[in-house]
Amino acid sequence: QVQLVESGGGLVRSGESLRLSCVAPGSLLSVQTMRWYRNTPGKQRVMVASISARGNTNYADSVGGRFTNSEDDVGNAMHLQMDNLEPGDTGLYLCNVVVHGAGYWGQGTQVTVSS
């Protein structure tokens, strides 16, 4: 079993920042790609950011340049620094990893950005 726990969400104003964290079993950070997804009611799920086992990152076009994904090997965590937040960034942010063909998800952390 793989347990993922997200934290760091909150209610902020446009232009402010948040730092999300996803705590995962330490070994996964070295062998698997970790991903952040955003669920928003009435909209299709979006993969916001990812980080590979080698530390390579990818971002959705809508957030690239404003968000930075990183990993913390010592703390067994992935972090998403979210700067210059916009109302369109609002949603439930979920951590995801695929292990042995099975997808694992955390409970999510809510991000709400007011204009």
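Residues numbered from 1 in each chain as written. Predicted model: local features only at pLDDT ≥ 70, side-chain atom pairs only at ≥ 80, totals over all residues. Heavy atoms only, no water.

Visitor: Which parts of the structure should I look at to understand the pattern of salt bridges?
Guide: Charged atoms that come close allow side chains of opposite charge to pair. According to the stated counting rule, one finds two salt bridges in the structure shown. Across the salt bridge formed by E86 and R66, the nearest N and O atoms sit 3.8 Å from each other. With E86 in the loop between β8 (77-82) and β9 (91-99) and R66 in the loop between β6 (57-59) and β7 (67-72), this residue pair connects regions lying 20 residues apart in the sequence. For R66, a relative accessible area of 12% puts it in the buried group. Its salt-bridge partner being D89, residue R66 comes within 2.8 Å of it at the nearest N-O pair. Taken together, the residues span a long stretch of sequence, with R66 in the loop between β6 and β7 and D89 in the loop between β8 and β9 at a distance of 23 residues. Each of the two residues, R66 as well as D89, counts as buried. Here the salt bridges do not stand alone but share partners, grouping R66, E86 and D89 into one network. (Salt bridge = Lys/Arg side-chain N within 4 Å of Asp/Glu carboxyl O. Helix = DSSP H or I, 4+ residues; strand = E, 2+ residues; numbered from the N terminus. Buried < 20%, exposed > 50% of the residue type's maximum accessible area, 1.4 Å probe, protein only.)

Visitor: Teacher, can you tell me more about the pairing of strand β3 (residues 18-23) here?
Guide: For a regular strand, side-chain orientation follows a simple rule: the groups alternate between the two sheet faces. Examined bridge by bridge, strand β1 (residues 5-7) and β3 share three bridges and lie antiparallel to one another. Across the sheet, the residue bridging to V5 is V23, located in β3. (Pairing = 2+ DSSP bridges.)

Visitor: Before we go on, may I ask you to explain the nonpolar core in this structure?
Guide: A general tendency of soluble globular proteins is for nonpolar side chains to be buried together. The biggest cluster of nonpolar side chains holds 26 residues, and the ones touching the most others in it are L4, M34, W36, L80 and Y93. Looking at this core, the element that brings in the most residues is β9, giving four residues. The contacts of L80, once residues within four sequence positions are left out, are L18, R19, L20, W36, V48, A49, F67, T68, N69 and Y93. (Core = buried A, V, L, I, M, F, W, Y, C linked by side-chain atoms within 4.5 Å. Contact = heavy atoms within 4.5 Å.)

Visitor: Before we go on, may I ask you to explain the state of the cysteines in this structure?
Guide: Throughout this description, disulfide means a covalent bond between two cysteine sulfur atoms. Scanning the entire structure with this criterion turns up one disulfide. Put simply, C22 and C95 are joined by a disulfide, and their sulfur atoms are 2.0 Å apart. Its torsion about the S-S bond being -80 degrees, the disulfide of C22 and C95 is classed as left-handed. Separated by 73 residues along the polypeptide, C22 in strand β3 and C95 in strand β9 bring together distant segments of the chain. The buried category is assigned to C22, whose relative accessible area is 0%. (Disulfide = S-S within 2.5 Å.)

Visitor: Is there a simple way to think about unusual backbone geometry in this case?
Guide: Most peptide bonds take the trans form, and the phi angle of most residues other than glycine is negative. Of note, N84 is a non-glycine position whose phi angle comes to about 50 degrees, a positive value. By secondary structure assignment, the location of N84 is in the loop between β8 and β9. With a relative accessible area of 43%, N84 lands in the partly exposed category. Positive phi outside glycine occurs at H100, with the angle close to 55 degrees. Along the chain, H100 falls in the loop between β9 and β10 (102-105).

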